[in-house]
Amino acid sequence: MYREIIDNKILEFTKSRNEVSLGVWKDIKNEFLKFKTGKDTAGKELTDEVEFKLISKLAAQRRDSEMQFTEAGRVDLALREHAELEVLESLLPKEPTEA
């Protein structure tokens, strides 16, 4: 799903100088590449489900970093992590809410 648009997004955010989104898309591309070439995962197909798991992993890392930076009083770094987290969460499917 996202593997087809990664390079276009990187080019788009490079031109617009959007450092946060550019960094996030580069991280996603890196995770996908690590999956394809990883020792344990080489030869496995990068399906939409795997893409969502990898993006969820990146989001969880950002959530953890944001919390740690906030606790350490580094608001500037916490805000950057939060901005990256928002980009990642926008790529994930919305969880259904109970009515």
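Here is a short report on the structure shown in this document. Here the structure is a predicted model, which is why all the values come from computation and not from measurement.

Concerning helix α2 (residues 19–37)
Reasoning step 1: The terminal C-alpha atoms of α2 lie 27 Å apart, and with 19 residues this matches the ideal 27 Å at 1.5 Å per residue to within 8%.
Reasoning step 2: Along α2, the positions that sit buried rather than exposed are V20, S21, L22, V24, W25, I28, E31, F32 and F35.
Reasoning step 3: On its buried side, α2 packs onto α1 (6–15), α3 (48–71) and α4 (75–91).

Some points on the packing of α1 against α2
Reasoning step 1: The contact between α1 and α2 brings their axes to 9 Å, and the two run at 155°. With respect to α2, the axis of α1 lies roughly antiparallel. The chirality of how α1 crosses α2 is left-handed. Here I6, D7, K9, I10, F13 and T14 of α1 come into contact with α2, specifically with S21, L22, W25, K26, I28, K29 and F32.
Reasoning step 2: Among the residues forming the contact of α1 with α2, the class breakdown is 7 nonpolar, 2 polar and 4 charged.

Considering α4
Reasoning step 1: Counted at 1.5 Å a residue, the expected span for α4 with its 17 residues is 24 Å, and the 25 Å between its end C-alpha atoms agrees.
Reasoning step 2: For α4, the complete set of buried residues consists of A78, E81, E84, L85, V87, L88 and L91.
Reasoning step 3: Buried residues along α4 sit against α2 and α3.

What counts, and where the lines are drawn
- Residues numbered from 1 in each chain as written.
- Predicted model: local features only at pLDDT ≥ 70, side-chain atom pairs only at ≥ 80, totals over all residues.
- Heavy atoms only, no water.
- Helix = DSSP H or I, 4+ residues; strand = E, 2+ residues; numbered from the N terminus.
- Expected span 1.5 Å × (residues − 1).
- Buried < 20%, exposed > 50% of the residue type's maximum accessible area, 1.4 Å probe, protein only.
- Contact = heavy atoms within 4.5 Å.
- Axes fitted to C-alpha atoms, helices over the stretch in contact; angles between N-to-C directions.
- Parallel < 35°, antiparallel > 145°, perpendicular 65-115°, else oblique.
- Left-handed = near helix turned anticlockwise from the far one by under 90°.
- Nonpolar A, V, L, I, M, F, W, Y, C, P; charged D, E, K, R; others polar.

These results come straight from atomic positions and should not be treated as a statement about function.
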